[in-house]
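Residue-level structure breakdown
Next come the chains, spelled out residue by residue.
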Amino acid sequence: MPAEALPAAPFPPVLTRHAEAETSSDPSSVMTLLADSDATADGFTSYRSTFAKGAVGAPAHFHTKATELFFVISGSLQVLVDEEVTVLETGDFLAVPPHTPHAFAAAPGCEADVLFVFTPGMGRFDYLRLLGRVMRGESDAKEIAESAEQFDNHYVDSPVWRSALEASA
């Protein structure tokens, strides 16, 4: 099909060079910000996180609008999906649909390198930056709770996840 016959793309191609990507770090992880929704016409948001051994990624939460995709580049990631805890290994992929409680952390005794994608996208880089500031003690954790609607992160209590984290401590 000739290029002029193709429909217009919803946004221009997005290229983020590793050397130019913004990072946000805390004592146990580094997040490399790859593409936020403003560059993708709200199509997706993507970032990469590397977790040190013992790193707790996110407490139990859900999103009302976005599907969260996980791809384990290397290492092992312990995840909660609904009420089930499992470990994702190198090369594993997980898609968590909206309204599904989930959580994640580096698997016990392991590091993890994970690519995250949210679709549809929404401005999440400011949330990731806020997480880094809270983990470094530069901001108050109440700012995370106050931003629940803005960033579509709704935290829930999960005794199953608490037990899994206690067992791996």
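What counts and what doesn't
Residues numbered from 1 in each chain as written. Predicted model: local features only at pLDDT ≥ 70, side-chain atom pairs only at ≥ 80, totals over all residues. Heavy atoms only, no water. Helix = DSSP H or I, 4+ residues; strand = E, 2+ residues; numbered from the N terminus. Rg over C-alpha atoms; globule rule 2.2 N^0.38 Å. Buried < 20%, exposed > 50% of the residue type's maximum accessible area, 1.4 Å probe, protein only. Contact = heavy atoms within 4.5 Å. Areas by Shrake-Rupley, 256 points an atom, 1.4 Å probe, with all protein chains shown as cover. Phe/Tyr/Trp six-rings, centres within 6.5 Å; stacked < 30°, edge-to-face > 60°. 1 Å grid on protein atoms, 1.4 Å probe; cavity = no way out; pocket = protein on both sides within 12 Å on 5 of 7 lines; lining within 4 Å. Points joined across faces, edges and corners; volume = space filled by probe spheres on them. Nonpolar A, V, L, I, M, F, W, Y, C, P; charged D, E, K, R; others polar. Salt bridge = Lys/Arg side-chain N within 4 Å of Asp/Glu carboxyl O.

Helices and strands together make up the secondary structure of the protein chain, namely four helices and ten strands. Going residue by residue from the N terminus, the α and β elements of the protein chain occur as β-β-β-β-β-β-β-β-β-α-α-α-β-α. What you see for the protein chain is a C-alpha radius of gyration of 17 Å, in line with the 15 Å of a compact globule of 169 residues. Overall, the protein chain is about 60 × 35 × 35 Å in size when its C-alpha atoms are taken along their principal axes. Counting over 169 residues, the protein chain shows a buried share of 40%. The contacts of the protein chain with a sequence gap of at least 6 include a subset with a gap of at least 24, amounting to 71%. On the protein chain, roughly 8,900 Å² of surface is accessible, and the fraction owed to carbon and sulfur atoms is 57%.

With that settled, consider the packing of aromatic side chains. A complete count under the given rule lists eight aromatic pairs for this structure. Taking the centre distance of 4.8 Å and the plane angle of 15 degrees together, the rings of Tyr47 and Phe116 count as stacked. One end of the pair, Tyr47, is in strand S3 (residues 45-51); the other, Phe116, is in strand S9 (residues 112-119), with 69 residues separating them in the sequence. Here the two residues Tyr47 and Phe116 agree in accessibility, since each one is buried. When the centroid spacing of 6.0 Å and the interplanar angle of 70 degrees are considered together, the rings of Phe51 and Phe104 count as edge-to-face. A residue pair is termed long-range when its members are at least 10 positions apart, and Phe51 in strand S3 and Phe104 in strand S8 (residues 102-106) qualify at 53 residues. With respect to burial, Phe51 and Phe104 carry one shared label: buried. What links up through ring pairs into an aromatic cluster is the set Tyr47, Phe51, Phe70, Phe104, Phe116 and Phe118.

What follows is about the layout of surface pockets. Considered as a void within the structure, the largest pocket measures approximately 390 Å³ in volume. Around the largest pocket, the lining comprises 25 residues; the ones closest to its centre are Gly57, Ala58, Pro59, Tyr127 and Leu131. Of all elements in the fold, only strand S2 (29-35), S3, strand S4 (56-62) and helix H1 (125-135) reach the threshold of two or more residues within the lining of the largest pocket. Looking at the lining of the largest pocket residue by residue, the class counts come to 15 nonpolar, seven polar and three charged.

With that settled, the discussion passes to the environment of Ser158. On the secondary structure map, Ser158 appears in the loop between strand S10 (154-155) and helix H4 (159-168). Look at Ser158 and you get buried, because its relative accessible area is 6%. In the structure, Ser158 is positioned 119 residues away from Ala39 in sequence and 34 Å away in space, judged by C-alpha atoms. Once residues within four sequence positions are removed from consideration, Ser158 is found in contact with Ala60 and Leu80.

So, about the pattern of salt bridges. In this structure the tally under the stated criterion is five salt bridges. Its salt-bridge partner being Glu22, residue Arg129 comes within 2.6 Å of it at the nearest N-O pair. With Arg129 in helix H1 and Glu22 in strand S1 (residues 22-26), this residue pair connects regions lying 107 residues apart in the sequence. Judged by its relative accessible area of 26%, Arg129 falls in the partly exposed class. Overall, the relative accessible area of 35% leaves Glu22 in the partly exposed class. Note that Arg136 and Glu138 form a salt bridge whose closest N and O atoms lie 3.1 Å from each other. Several salt bridges converge on common partners, so that one network encompasses Glu22, Asp126 and Arg129.

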